[in-house]
Amino acid sequence: MKIIVTKNYDEMSKKAAELMAEIIKNKPDCVLGLATGDTPIGMYNELVAKYEAGEIDFAAVRSINLDEYYPISPDNDQSYRYFMNKHLFDRVNIDKANTRVPDGTAENVREFCSAYEAHLDALGGTDVQVLGIGRNGHIGFNEPDAELERFTHLVELTPDTIEANSRFFASEAEVPKHALTMGIHSVFKARKILLLASGKNKAAAINALVKSNITTSCPATLLCLHPDVTVICDEDAYSLV
Ligand code: F6R
């Protein structure tokens, strides 16, 4: 695992965007595995700036997102589809038909999850999977548990995650209690994993990711089994290591 510690959030975002831009330049039809949340917003802004400067082109890029609340409609401004359109897809020349975010309106969840996993396979896995990390060490919405699921599945969010994500909603009661998420094996289909973290509230999770034994009670610890993981975090997130 390669760890890059930056001074602050802005530097983390710039470094992450540089790495992503290299991947896009080297393989114009690359498959980007994307994440939502506060952490990657700065990186998306930097990628948009690079696109506007003519440095990168999204015309042939394909993307697939990690997760989505369930149930939620794509036009709900708290949905991850809405987030991706707002922060990246509507601002660059990506063909939206080439983007996938789990469908928060899927009626048959089991069928949807296997179709999503089949789509990931049809893409040949991702060239890079961007990850944030939960305060509890979750990746995607793979929450700490005795067992972790391999493939895309429906998950019940933990009270900690609901509380952490309530900042985006009018009240905690409005946070959906479930989500659709790639599983650990789905994430591992990435040829490269890029995990981003910023702020003191991620320090315990980053400390566990770097130092703790592998445990399903901190899903991020499994990442040390993947052959190509880069962690870019700021000094605050790294402060307990
Ligand atoms: C989002 C996702 C989550 C977040 C994590 C951190 O697609 O999969 O695992 O990456 O909850 O969220 P932020 O960045 O808001 O602290």
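Above this text is the structure in question.
This report concerns the structure included in the present document. (Residues numbered from 1 in each chain as written. Predicted model: local features only at pLDDT ≥ 70, side-chain atom pairs only at ≥ 80, totals over all residues. Heavy atoms only, no water.)

## With respect to the site of the ligand
Thinking step 1. Surveying the vicinity of the ligand reveals 13 residues, the closest of which are T39, D67, H138, G140 and K202.
Thinking step 2. Interatomic distance of 2.9 Å between a side-chain N/O atom of R167 and an oxygen atom of the ligand.
Thinking step 3. Notes on the ligand: free accessible area 410 Å², of which the protein chains cover 93%.
Thinking step 4. A breakdown of the residues in the shell around the ligand according to their chemical character gives three nonpolar, six polar and four charged. (Near = heavy atom within 4 Å. Polar contact = N/O pair within 3.5 Å; in protein donor to acceptor, adjacent residues only side chain to side chain. Areas by Shrake-Rupley, 256 points an atom, 1.4 Å probe, with all protein chains shown as cover. Nonpolar A, V, L, I, M, F, W, Y, C, P; charged D, E, K, R; others polar.)

## Details of helix 3 (residues 80-87)
Thinking step 1. Within helix 3, six of the eight residues are buried, leaving the element largely enclosed by the surrounding structure.
Thinking step 2. Within the sequence span of helix 3, burial applies to Y80, R81, F83, M84, N85 and H87.
Thinking step 3. Contact partners of the buried residues in helix 3: strand 2 (31-34), helix 2 (41-52), strand 3 (62-65), strand 4 (67-70), strand 5 (99-100) and helix 5 (159-165). (Buried < 20%, exposed > 50% of the residue type's maximum accessible area, 1.4 Å probe, protein only. Helix = DSSP H or I, 4+ residues; strand = E, 2+ residues; numbered from the N terminus. Contact = heavy atoms within 4.5 Å.)

## Concerning the sheet that holds strand 9 (residues 193-197)
Thinking step 1. The parallel open sheet is built from seven strands, whose spatial order is 1-10-9-6-2-3-5. Whereas interior strands pair on both sides, the edge strands pair on one side only; in this sheet they are strand 1 (2-6) and strand 5.
Thinking step 2. Across two bridges, the pairing between strand 3 and strand 5 is parallel. Bridge pairing links S63 to T99 in strand 5. (Pairing = 2+ DSSP bridges.)

## Details of the side chain of E143
Thinking step 1. By the element assignment, E143 lies in the loop between strand 6 (128-131) and strand 7 (153-156).
Thinking step 2. One buried charged residue, E143, remains without a salt bridge, the closest side chain of opposite sign being R135 at 9.7 Å.
Thinking step 3. Within the structure, E143 has its side chain in polar contact with the side chain of N136 (distance 3.0 Å).
Thinking step 4. Polar side-chain contacts of E143 include one of 2.9 Å to the side chain of H138.
Thinking step 5. Discounting residues that sit within four places of it in the chain, E143 has contacts with N136, H138, L148, V155, E156, L157, T158, T161 and P219. (Lys, Arg positive; Asp, Glu negative; His and termini not counted. Salt bridge = Lys/Arg side-chain N within 4 Å of Asp/Glu carboxyl O.)

## Re the sheet that holds strand 4
Thinking step 1. If you trace the three strands from one edge of the open sheet to the other, you get 4-8-7, paired in antiparallel fashion. Whereas interior strands pair on both sides, the edge strands pair on one side only; in this sheet they are strand 4 and strand 7. Mean inter-strand twist for the sheet, computed between neighbouring axes without regard to direction, equals 30°.
Thinking step 2. In this structure, strand 7 lies alongside strand 8 (residues 178-181), joined through four bridges in antiparallel fashion. The residue of strand 8 that forms the bridge with L154 is L180. (Axes fitted to C-alpha atoms, helices over the stretch in contact; angles between N-to-C directions.)

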